[in-house]
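Coordinates in review
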Amino acid sequence: MREIIFLEPVFKSMIWGGNKLKTDFGFDIPSERTGECWAISAHKNGDCLIKNGRYNGKTLSWLWENHREEFGSARGEVFPLLVKIIDARDDLSIQVHPDDEYARLNENGALGKTECWYILDCEEDSEIVIGHNARDKQELKDMIAKGHWQELIRVRKIKKGDFFQIEPGTVHAIKKGTVILETQQNSDITYRLYDYERLDNGKQRELHIDKSIEVIRCPHVDAIAENETTVYENYSMKELIHCGYYTVRKLDIHGEQVFIQEESFLNMSVISGSGIIDGHEIKKGDCFLLPSEYGSYRLAGNMELIISYQS
Ligand code: ZN
């Protein structure tokens, strides 16, 4: 008999972080500059503790190492996905991630990073950085050398509910006033390209210009996200992305519905409202995992969830 695996999030203080993880989500955050909640994570830099059932007190990475049967046929040496909730009170640095091959060769065998963002909330006229305007690597190098950041960086307006897929090699940054749910490969490798000349404790944070130039794709091409919603009587399901690493969907439930968990595992994050899953009360901010062969589950209430699994 498989059990739902509820997880204790790990919080990260960041110079750009805020307090919305407390004010919006009710989390007990470590500081008024809390930038990230690692909600479903088995990464060594933030390994979630299991807070219920027979594995109570163990970490998600321990479960992956010792009870792989809970993850069915999931592939990888490490638990493959990482789900974060990010509160950006200020702009994040402009960054880029390597792909698997570059990371394997240059970062001690680490994974590259494909990630995607669901905009949970943002202030009016909020913006985000995705892409750049250089036609080729030479132009990219020239613009970086001359500090022509305004011309180089592509900024676009966002609104609540928008969704973006960020492929490796894509210049990107979350900007101030934005709260997002990020689903990504289980990797923590980021190259910082530009940090707005900001100071952290009197000095600029380290940049990784050479590695950034190596991995940035030129010219930039926007990734195509899915956008298909299927509406039923008690719920609607929107496919946000299906790529080689993950499939992410948004589920809106209003009433009661039985589903079947047929994936190797299913990540679930409640992003609004409250309800019940198989007798467990759940509310906004709760993140948990349905293991392999969990079978049917019943959701009841009025809530929105982001769900994801390894594709
Ligand atoms: Zn990123």
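Residues numbered from 1 in each chain as written. Predicted model: local features only at pLDDT ≥ 70, side-chain atom pairs only at ≥ 80, totals over all residues. Heavy atoms only, no water.

Quick look at the overall build of the chain
The secondary structure content of the chain amounts to six helices and 22 strands. In terms of C-alpha radius of gyration, the chain reaches 19 Å, essentially the compact-globule figure of 19 Å for 311 residues. Along the first, second and third principal axes, the C-alpha atoms of the chain reach 60 × 40 × 40 Å. Across the 311 residues of the chain, 52% fall into the buried class. Counting contacts in the chain only where the partners sit at least 6 residues apart, residues at least 24 apart contribute 69% of the total. When the accessible area of the chain is evaluated, it comes to approximately 14300 Å², of which 45% is carbon and sulfur surface. (Helix = DSSP H or I, 4+ residues; strand = E, 2+ residues; numbered from the N terminus. Rg over C-alpha atoms; globule rule 2.2 N^0.38 Å. Buried < 20%, exposed > 50% of the residue type's maximum accessible area, 1.4 Å probe, protein only. Contact = heavy atoms within 4.5 Å. Areas by Shrake-Rupley, 256 points an atom, 1.4 Å probe, with all protein chains shown as cover.)

As for the environment of Glu263
With respect to the element layout, Glu263 can be found in the loop between β18 (246-261) and β19 (266-277). Since its relative accessible area comes to 29%, Glu263 is described here as partly exposed. Placed 31 residues apart in sequence, Glu263 and Tyr294 show a C-alpha to C-alpha distance of 9.1 Å. The residues touching Glu263, leaving out its near neighbours within four places in the chain, are Ser292 and Tyr309.

What about unusual backbone geometry?
Residue Pro219 follows Cys218 across a cis peptide bond; omega there is -10°. In the Ramachandran plot, Asp125 falls in the positive-phi region, its phi being about 60° despite a non-glycine side chain. Within the fold, Asp125 resides in the loop between β9 (115-122) and β10 (127-132). Residue classification places Asp125 among the exposed residues on the basis of a relative accessible area of 55%. The residue Asp278 is not glycine, and still its phi comes out positive at about 45°. Residue placement: Asp278 occurs in the loop between β19 and β20 (280-283). On the basis of relative accessible area, Asp278 is assigned to the partly exposed category, the value being 32%.

Focus on the coordination of the zinc ion
Note on the zinc ion: its protein donors are His97 (NE2), Glu115 (OE), Glu115 (OE) and His172 (NE2). The metal-donor distances range over 2.0 to 2.5 Å. Taken together, the four donor atoms coordinating the zinc ion and their angles of 52 to 124° define a geometry best described as irregular. Read in sequence order, the donor residues for the zinc ion give the motif H-x17-E-x56-H. Taken as a pair, His97 in the loop between β8 (94-96) and α3 (100-106) and His172 in strand β13 (residues 172-174) lie far apart in primary sequence, 75 residues in all. (Donors = N, O, S within 2.8 Å, 3.2 Å for Na, K, Ca; no water. Tetrahedral: all angles 85-135°; square planar, octahedral: opposite > 155°, others 65-115°.)

Some details on the nonpolar core
Counting residues in each nonpolar core, the largest one holds 39 residues, and the members touching the most others are Leu60, Phe71, Phe79, Ile85 and Leu289. Residue assignment places this core across two domains, with domain 1 (5-215) and domain 2 (228-309) each supplying three or more. Formed by 21 residues, the second largest nonpolar core is a distinct cluster that contains Phe6, Phe259, Ile277 and Met303. (Core = buried A, V, L, I, M, F, W, Y, C linked by side-chain atoms within 4.5 Å. Domains from an automatic or database assignment.)

Topic: helix α4 (residues 137-146)
What α4 keeps buried is the set Leu140, Met143 and Ile144. Taken down its axis, α4 places every buried residue within 100° of arc, on the same side. Exposed side of α4, more than 90 degrees from the buried face: Ala145 and Lys146 are the residues found there. Looking at the packing, one finds that the buried side of α4 touches β10, α5 (149-152), β15 (191-194) and α6 (209-215). N-cap assignment for α4: the residue whose side-chain oxygen lies 3.2 Å from the backbone N of Gln138 is Asp136. A positive phi of about 70° marks Gly147, the residue just after α4. (Arc of directions from axis to C-beta. Polar contact = N/O pair within 3.5 Å; in protein donor to acceptor, adjacent residues only side chain to side chain.)

A closer look at the domain arrangement of the chain
Once the domains are mapped, the chain shows domain 1 (5-215) and domain 2 (228-309). On a C-alpha basis, the centres of domain 1 and domain 2 stand 23 Å from each other. Contact residues are listed per partner, giving 32 residues for domain 1 and 27 residues for domain 2. Between domain 1 and domain 2, a total of about 2500 Å² is buried, with carbon and sulfur atoms accounting for 70% of that surface. At the boundary of domain 1 and domain 2, one finds zero salt bridges. For the interface between domain 1 and domain 2, the tally reads eight residue pairs in polar contact (both at pLDDT 80 or more). (Buried area = accessible area lost by both parts, 1.4 Å probe. Salt bridge = Lys/Arg side-chain N within 4 Å of Asp/Glu carboxyl O.)

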